[in-house]
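Observations on the model geometry
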Amino acid sequence: MAILVTGGAGYIGSVTVERLRAKGEQVVVLDDLKRGHPAALAGDIPVYRGNIGDRELVARIAREHDLESCIHFAALIEVGESVKDPAKYFENNVGHGISFLGALVQLGMHRIVFSSTAATYGDPEQIPITEQSRKSPKNPYGWSKLFMEQVLDSYDTAYGLKFVALRYFNAAGATDKCGEDHRPESHLIPNVLSAALGLQQAIRVFGNNYPTPDGTPIRDYIHVADLADAHILALDHLRRGGSSDFLNLGTGRGYSVLEVIQCAREITGKEIPIQMEPPRAGDPARLVADPSKAKAVLGWEPRMSDLPSIVRSAWKWRLRHQQGYTAE
Ligand SMILES: NC(=O)c1ccc[n+]([C@@H]2O[C@H](COP(=O)([O-])OP(=O)(O)OC[C@H]3O[C@@H](n4cnc5c(N)ncnc54)[C@H](O)[C@@H]3O)[C@@H](O)[C@H]2O)c1
């Protein structure tokens, strides 16, 4: 029986596929490849190139493979782009997402692990953020994920579709095979490494007057392999008949932008110049998870998520893929 992984050619999806296969699981990928990279996937993995909202295609995949569960990564993920073009985000993440869930329900699927995000919380009232914290997204991307969480909750009640919605904080790092190559890239660590490689002149730092010790925003970085393992544990939880849930995935420890840059300077041995920019609208000072619920429910423990391990793994991958996947 196979696991359907949507967005499996993307950053977190490809690492999860890699780790599922290492555990002997059968995997089928559905990805439109608009932002994903076929080179991130082993050549013998069945990949269907298409849209999650194409119900005919989902039904065909189900006919050709014996699907037992789904991990649903496919979404557009750029906060800034979602502010400029909310229709694109609502149509893709929610519109196509709902068609996709409808197709799964019609096929009698009972288990799904969903990629949600810390962006559902918005600017938090308290740190660390628990699953009970107020949900108040600050951009269409965050709303699209919160809305999908609500749809899942309703489908569980009505149709028995059991789910685990995983609210990731900042995914980072790489495995030997798979790394981060978003286009456009808005995430800090790959951009810091581009500056280290001289591919961009400097790393832009947005604001240094936040109420944090060095004035730059603090985020909770989680190694992509630790994230991937949490999906596998979430699937096992559902296979054991566990109930639907919402879980934070973070470490509970945050690092400032300047701490990340300093760590990258030490690991790469490069100077990495900084260019100060005004703060970005809606960027909270601090986003740090309380991950205790995921630890209790799944028995999950991040193992590779200390900052030096994250940056070292990302640097190692980047040295072998300086221009990302397509230049191979
Ligand atoms: N990267 C992070 O730090 C982070 C943090 C929180 C949540 N998330 C969530 O994790 C998931 C994966 O993120 P990522 O960083 O791997 O992104 P990514 O862009 O690398 O991967 C997403 C993949 O989904 C595909 N896709 C998008 N819309 C599709 C559609 N309608 N039909 C078929 N395929 C489609 C893209 O082509 C891409 O391959 C997303 O749902 C994202 O919202 C990511």
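Above this text is the structure in question.
Everything in this summary refers to the structure shown in the same document. (Residues numbered from 1 in each chain as written. Predicted model: local features only at pLDDT ≥ 70, side-chain atom pairs only at ≥ 80, totals over all residues. Heavy atoms only, no water.)

**Details of the overall build of the chain**
- Regarding its fold elements, the chain presents 10 helices and 14 strands.
- What you see for the chain is a C-alpha radius of gyration of 19 Å, in line with the 20 Å of a compact globule of 328 residues.
- Dimensions of the chain, computed from the C-alpha atoms along their principal axes, are close to 55 × 45 × 40 Å.
- Counting only residues that meet the buried cut, the chain has 56% of its 328 residues in that class.
- Restricting to contacts in the chain with at least 6 residues of sequence separation, those with at least 24 account for 78%. (Helix = DSSP H or I, 4+ residues; strand = E, 2+ residues; numbered from the N terminus. Rg over C-alpha atoms; globule rule 2.2 N^0.38 Å. Buried < 20%, exposed > 50% of the residue type's maximum accessible area, 1.4 Å probe, protein only. Contact = heavy atoms within 4.5 Å.)

**As for the site of the ligand**
- As a matter of local geometry, the ligand sits amid 29 residues, with Asp31, Phe73, Asn92, Tyr141 and Lys145 nearest to it.
- Contact distances for the ligand include 3.0 Å between an oxygen atom and a backbone N or O atom of Arg35.
- The contact in question runs from an oxygen atom of the ligand to an N or O atom on the side chain of His182, over 2.8 Å.
- Relative to its free-state accessible area of 830 Å², the ligand is covered by the protein chains to the extent of 97%.
- Of all the elements in the fold, those that place two or more residues in the shell around the ligand are helix H1 (11–22), strand E5 (111–117) and helix H5 (140–159).
- Among the elements that take part in the shell around the ligand, E5 stands out by supplying 3 residues, more than any other.
- Classifying every residue of the shell around the ligand by side-chain character gives 13 nonpolar, 11 polar and 5 charged. (Near = heavy atom within 4 Å. Polar contact = N/O pair within 3.5 Å; in protein donor to acceptor, adjacent residues only side chain to side chain. Areas by Shrake-Rupley, 256 points an atom, 1.4 Å probe, with all protein chains shown as cover. Nonpolar A, V, L, I, M, F, W, Y, C, P; charged D, E, K, R; others polar.)

**Notes on the nonpolar core**
- Counting residues in hydrophobic clusters, the biggest one holds 39 residues, and the most contacted among them are Ile12, Leu166 and Leu249.
- Contributions of two or more residues to this core are made by strand E1 (2–6), H1, strand E2 (26–31), strand E6 (162–168), helix H7 (224–239), strand E11 (245–249) and helix H9 (292–298).
- Those residues in contact with Ile12, other than ones at most four positions away along the chain, are Phe73, Tyr168, Ala171, Val224 and Leu227. (Core = buried A, V, L, I, M, F, W, Y, C linked by side-chain atoms within 4.5 Å.)

**Examining the layout of surface pockets**
- Roughly 210 Å³ of volume is contained in the second largest pocket.
- Along the wall of the second largest pocket there are 14 residues; nearest its centre are Ser194, Leu199, Arg318, Gln322 and Gln323.
- It is helix H6 (residues 188–196) that contributes the most residues to the lining of the second largest pocket, 3 residues altogether.
- When the residues that make up the lining of the second largest pocket are grouped by side-chain class, the tally is 2 nonpolar, 7 polar and 5 charged. (1 Å grid on protein atoms, 1.4 Å probe; cavity = no way out; pocket = protein on both sides within 12 Å on 5 of 7 lines; lining within 4 Å. Points joined across faces, edges and corners; volume = space filled by probe spheres on them.)

**Details of empty space enclosed by the protein**
- Tallied over the full model, the rule gives 2 cavities of 30 Å³ or more.
- Here the largest cavity defines a volume of roughly 80 Å³.
- In terms of lining, the largest cavity is formed by Gly173, Ala174, Gly179, Glu180, Ile189, Pro190, Leu193, Ala314, Trp317 and Arg318.
- Mapped onto the lining of the largest cavity, the elements with two or more residues apiece are H6 and helix H10 (307–320).
- Residues that form the lining of the largest cavity fall into these classes: 6 nonpolar, 2 polar and 2 charged.
- Empty space within the second largest cavity amounts to approximately 30 Å³.

**Some words on the sheet that holds strand E4 (residues 67–72)**
- Here 7 strands make up an open sheet; going across it, the order is E3-E2-E1-E4-E5-E6-E11 and the pairing parallel. This sheet does not close on itself; its edge strands, each paired only once, are strand E3 (47–49) and E11. On average, each strand axis in the sheet is inclined to that of its neighbour by 20°, with strand direction left out of account.
- Bridging between E1 and E2 involves 5 bridges; their strand directions are parallel. Note that in E2 the partner of Leu4 across the bridge is Val28.
- Here H1 sits on the sheet and contacts E1, E2, E4 and E6; the angle it forms with E2, its principal contact strand, is near 165°.
- Lying over the sheet, helix H2 (residues 55–64) contacts E1, E2, E3 and E4, oriented at roughly 160° with respect to E3. (Pairing = 2+ DSSP bridges. Axes fitted to C-alpha atoms, helices over the stretch in contact; angles between N-to-C directions.)

**Quick word on H1**
- Helix length check: H1, at 12 residues, gives a terminal C-alpha distance of 17 Å against a target of 16 Å (1.5 Å per residue), a fit within 8%.
- Among all positions in H1, only Tyr11, Ile12, Gly13, Ser14, Val15, Thr16, Val17 and Leu20 are buried.
- If you follow the buried residues of H1, they end up packed against E1, E2, E4, E6, strand E7 (170–172) and H7.
- Following H1 by one or two positions, Gly24 has its phi on the positive side, about 85°. (Expected span 1.5 Å × (residues − 1).)

**So, the pattern of salt bridges**
- Inspection of the entire model under this criterion finds 19 salt bridges.
- The closest approach of N and O atoms between Arg35 and Glu81, which form a salt bridge, is 2.9 Å. Taken together, the positions of Arg35 in the loop between E2 and E3 and Glu81 in helix H3 (residues 79–84) put the pair 46 residues apart, joining distant regions of the chain.
- Since its relative accessible area comes to 31%, Arg35 is described here as partly exposed. (Salt bridge = Lys/Arg side-chain N within 4 Å of Asp/Glu carboxyl O.)

**Looking at the sheet that holds strand E14 (residues 286–287)**
- Taken in spatial order, the 3 strands of this open sheet run E12-E9-E14, and their pairing is mixed. Lying at the two open borders of the sheet, with one neighbouring strand each, are strand E12 (255–256) and E14.
- Inspection of the sheet shows strand E9 (residues 218–219) paired to E12 by 2 bridges, in the antiparallel sense. The partner of Arg219 across the bridge, within E12, is Tyr255.

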